[in-house]
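Each chain, written out:
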Amino acid sequence: LAIDSPEARALKKEDENALRETRLVSSGDTFLDFVGGEIFIYKDEIYAMTTEKNATYALIINNPSLTQLFRIFFLAQWAMSI
């Protein structure tokens, strides 16, 4: 999932070569005052990162319950983005 922007549309154009599917979602009324970030959900881990003021911040959570919660949020948003 990527917030619809020129950068996200360029990312989506590379889906076939990158063996992925990107869905664009509207930011709605949400104003993001940072460049964004990434969240990866794999097995029982969540990895989140962002860059702000030339510094990179990352968070790793290794917890099955929190991972399941993030996965549910992701799947709900994925289903709404069709």
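Scroll up for the structure.
Quick summary incoming for the structure in this document. These numbers were taken from a predicted model, which means no experiment stands behind them.

Let's talk about the sheet that holds strand S3 (residues 37-42)
Spatial strand order, S3-S4-S5: three strands in an open sheet with antiparallel pairing. Single-partner strands in this sheet number two, and they are S3 and strand S5 (55-62). Sheet twist, expressed as the average angle between the axes of neighbouring strands with direction ignored, equals 10 degrees. Relative to strand S4 (residues 45-52), S3 runs antiparallel, the two sharing six bridges.

Side note on the pattern of salt bridges
Enumeration over the complete set of coordinates arrives at three salt bridges. The partner of Asp-15 in a salt bridge is Arg-20, and the shortest N-O contact between them spans 2.8 Å. We note a salt bridge from Arg-23 to Glu-21, for which the minimum N-O separation is 3.1 Å. Since its relative accessible area comes to 15%, Arg-23 is described here as buried. You can call Glu-21 partly exposed: its relative accessible area is 48%.

Re the side chain of Thr-67
Relative to the helices and strands, Thr-67 is located in helix H3 (residues 64-80). Among the polar contacts listed, one links the side chain of Thr-67 to the backbone nitrogen of Glu-45, at a separation of 3.5 Å. The contact partners of Thr-67, leaving out residues within four places of it in the chain, are Ile-41, Lys-43, Asp-44, Glu-45 and Ile-46.

Thoughts on the environment of Leu-11
Looking at the secondary structure, you find Leu-11 in helix H1 (residues 6-13). C-alpha of Leu-11 to C-alpha of Arg-23: the two residues are 12 residues apart in sequence and 10 Å apart in space. Excluding residues that lie within four positions of it along the chain, Leu-11 makes contacts with Arg-20 and Thr-22.

As for the side chain of Thr-22
Looking at where Thr-22 falls in the secondary structure, it is placed in the loop between helix H2 (15-18) and strand S2 (24-25). Within the structure, the side chain of Thr-22 is placed 3.3 Å from the side chain of Arg-20, a separation counted as a polar contact.

So, the pairing of S3
Within S3, only zero of the six residues are buried, which leaves it mostly out in the open. Linkage of S3 to S4, two consecutive antiparallel strands, is achieved through a turn of two residues, within which Lys-43 is found at a positive phi near 50 degrees.

Cut-offs applied
Residues numbered from 1 in each chain as written. Predicted model: local features only at pLDDT ≥ 70, side-chain atom pairs only at ≥ 80, totals over all residues. Heavy atoms only, no water. Pairing = 2+ DSSP bridges. Helix = DSSP H or I, 4+ residues; strand = E, 2+ residues; numbered from the N terminus. Axes fitted to C-alpha atoms, helices over the stretch in contact; angles between N-to-C directions. Salt bridge = Lys/Arg side-chain N within 4 Å of Asp/Glu carboxyl O. Buried < 20%, exposed > 50% of the residue type's maximum accessible area, 1.4 Å probe, protein only. Polar contact = N/O pair within 3.5 Å; in protein donor to acceptor, adjacent residues only side chain to side chain. Contact = heavy atoms within 4.5 Å.

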